[in-house]
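Letter by letter, the chains look like this.
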Amino acid sequence: MKTSHLRAAQSVPSTQPVGPVAAEAADLLRQLVVEGHLSAEAAEQRTREIAAELAATGGYRQSDQELLQGARIAWRNNSQCIGKFYWKGLEVWDCREVGVGGCDESGLFEVLVEHLRLAWNGGKVRLLLTVFTPTEPGMPGGPRVWNGQLIRYAGYRQHDGSVVGDPGTVELTEAVQRMGWRGQGTEYDVLPLVVQWPGGEPRWFELPSDAVPEVRISHPEYPWFEALGLRWHAFPTISDQVLELGGLRYTLAPFSAWYTCAEIGARNLSDTNRYDKLPAVARGMGLDTTRDRTLWRDRALLELTAAVLHSYDQAGVSIIDHHFATKQFVRHEEREHKHGRGCPADWSAIVPATSGSTTPVWQRRYEPTRVHPNFAPQPTLWPSGTDG
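The structure presented is a predicted model; accordingly, all values stated were derived computationally and were not measured.

(A) Representation of unusual backbone geometry. Backbone torsion omega between His372 and Pro373 reads 0°, so that peptide bond is classified as cis. With respect to the element layout, Pro373 can be found in the loop between helix H10 (347–350) and strand E16 (374–377). Backbone geometry at Leu295 places phi at a positive 60°, although glycine is not the residue there. Counting through the fold element by element, Leu295 comes out in the loop between helix H7 (278–285) and helix H8 (296–315). With relative accessibility at 48%, the residue Leu295 sits in the partly exposed group.

(B) Inspection of empty space enclosed by the protein at higher detail. Per the counting criterion, the structure on display carries 2 cavities of 30 Å³ or more. In this structure, the second largest cavity encloses a volume near 50 Å³. Forming the walls of the second largest cavity are Glu24, Asp27, Leu28, Gln31, Glu244, Leu245, Gly246, His372 and Pro373. Of the residues forming the lining of the second largest cavity, the biggest block, 4 residues, is contributed by helix H1 (residues 18–34). Looking at side-chain class alone, the lining of the second largest cavity contains 3 nonpolar, 3 polar and 3 charged residues.

(C) Layout of the packing of helix H6 (residues 261–268) against H8. Where H6 contacts H8, the axes come no closer than 8 Å and their chain directions differ by 140°. The orientation of H6 relative to H8 falls into the category oblique. In the packing of H6 onto H8, the handedness of the crossing is right-handed. On the side of H6, the interface is formed by Cys261, Ala262, Ile264, Gly265 and Ala266, while H8 contributes Leu301, Leu304, Thr305, Val308, Leu309 and Tyr312. Residues of the contact of H6 with H8, tallied by class, amount to 9 nonpolar, 2 polar and no charged.

(D) Structural detail: the sheet that holds strand E7 (residues 203–205). Taken together, the 3 strands give an open sheet; going across it, the order is E3-E6-E7, and neighbouring strands pair in antiparallel fashion. Edge strands, defined here as strands with exactly one partner in the open sheet, are strand E3 (144–145) and E7. Lying over the sheet, helix H4 (residues 105–120) contacts E3, strand E6 (193–196) and E7, oriented at roughly 135° with respect to E6.

(E) The arrangement of the pattern of salt bridges in detail. Here the structure, examined in full by the defined rule, presents 27 salt bridges. The partner of Arg117 in a salt bridge is Asp210, and the shortest N-O contact between them spans 2.8 Å. In this pair, Arg117 is assigned in helix H4 and Asp210 in the loop between E7 and strand E8 (214–216), connecting sequence segments 93 residues apart. The class of Arg117 is partly exposed, set by a relative accessible area of 33%. A salt bridge links Arg267 to Asp271, with the shortest nitrogen-to-oxygen separation between them at 2.7 Å. For Arg267, a relative accessible area of 42% gives the class partly exposed. Where salt bridges share partners, they join Arg61, Asp64, Asp94, Arg96 and Glu97 into one cluster.

Analysis parameters
- Every chain's residues receive numbers from 1 upward, in the order its sequence appears when written.
- Selection of residues for local features in this predicted model requires a pLDDT of at least 70, selection of side-chain atom pairs for listing and counting requires 80 or more, and totals for whole chains, interfaces and linings are taken over all residues.
- Hydrogens are left out, water is left out, and the side-chain values use all remaining heavy atoms of the structure.
- What counts as a helix is a DSSP run of H or I of at least four residues, what counts as a strand is a run of E of at least two, and both are numbered from the N terminus.
- Here the term buried applies to any residue with accessible area under 20% of the maximum for its type, exposed to any over 50%, and partly exposed to those in between, with areas from a 1.4 Å probe on protein chains only.
- A 1.4 Å probe that fits into a set of points on a 1 Å grid over the protein atoms alone but cannot get out defines a cavity; an open set with protein on both sides within 12 Å along at least five of seven lines defines a pocket, and lining residues are those with an atom within 4 Å of a point.
- Grid points are joined across faces, edges and corners, and a volume is the space filled by probe spheres set on the points.
- Amino acid classes used here: Ala, Val, Leu, Ile, Met, Phe, Trp, Tyr, Cys and Pro are nonpolar; Asp, Glu, Lys and Arg are charged; the rest, including Gly, are polar.
- All axes are obtained by fitting lines to C-alpha atoms, using only the stretch in contact for helices, and the reported angles, taken between N-to-C directions, cover 0 to 180 degrees.
- Any angle that falls under 35 degrees is termed roughly parallel, while one over 145 is termed roughly antiparallel, one within 65 to 115 roughly perpendicular, and all others oblique.
- By definition, turning the near helix anticlockwise from the far helix through less than a right angle yields a left-handed crossing, and turning it clockwise yields a right-handed one.
- In this analysis, two residues are considered to be in contact whenever any of their non-hydrogen atoms come within 4.5 Å of each other.
- Pairing between strands requires that DSSP locate at least two bridges from one strand to the other.
- The salt bridge definition used is simple: a Lys or Arg side-chain nitrogen within 4 Å of an Asp or Glu carboxyl oxygen.

Shape is all these values report; function is a separate question.
If you want it as structure tokens, here you go:
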């Protein structure tokens, strides 16, 4: 598969003013100078080059250095992530040439599959961002996948209103079913990836099994736990965020990292609007679920989270606990302050869903300041159906 780095933006007239893009590009270069990645003289020269390229084509191509360091800074600036202590370790795979000029959905899909294999790394999950072509001048957007994460489970709405699988993906599941996809109807059917170029028709592709490593959940002390049949995919890969970098918008920039145990045990498998497994865990533990006063939810939540941590450790898959994660975040915050930088953070996203008050971030306060470069949410692409 070719991922050669040959071209910049397409030479078509720009429909947007050059000024804001040039200003954001210059701002990124200034940040690279301040942080020691670029000399002031090189930044001045690069600013002139970008201005000339914008005037000629309406767009510009970022250098490898601008892409790598800019993406790392974007992660550092994002207020939703607790794992930013490791921002300097982010790897960037440059795939900006894939599909350019040919709107090749299958080519994009092949790279997305390879991204998952590279990030998996035999269980030693890598911090990996893959960057595809940015939005081109005169185009309504860039390439997209419909999925919020590259690996997600289907959610099948039943006639009685209940859901088999993940209630968080019901609308996407129904959209791909309208496109002709049919799953097995189990709780853990992996959704296909839906790839779309701007102005083109969406296409769905089944993920191969070797790109979807999963962990079956067991408990170190409760033999009955494994019979619940719980599982989760080994690592998250966010795929619905746009990378806003130096005036450019990378609409397809999937980002893989490792989980904290609370994300799975205290949210994905526990939330009542997700898998809602706490009642089943509580029954297995012999807890009285008829009264909140027994604290059965709290006790089941803790044991489910402990089971997730145990299972990932047993499988040799990278995962961190929420105590370690929050301590690392505080270290990150203190390190940023030493460098004269703020630490944008959304308190509700940083405090873990279980035992929040026992972690060092509980009594701290953060500002979810939005600065560039950064990641931003994008609207969903699938249309609402009338048949489900």
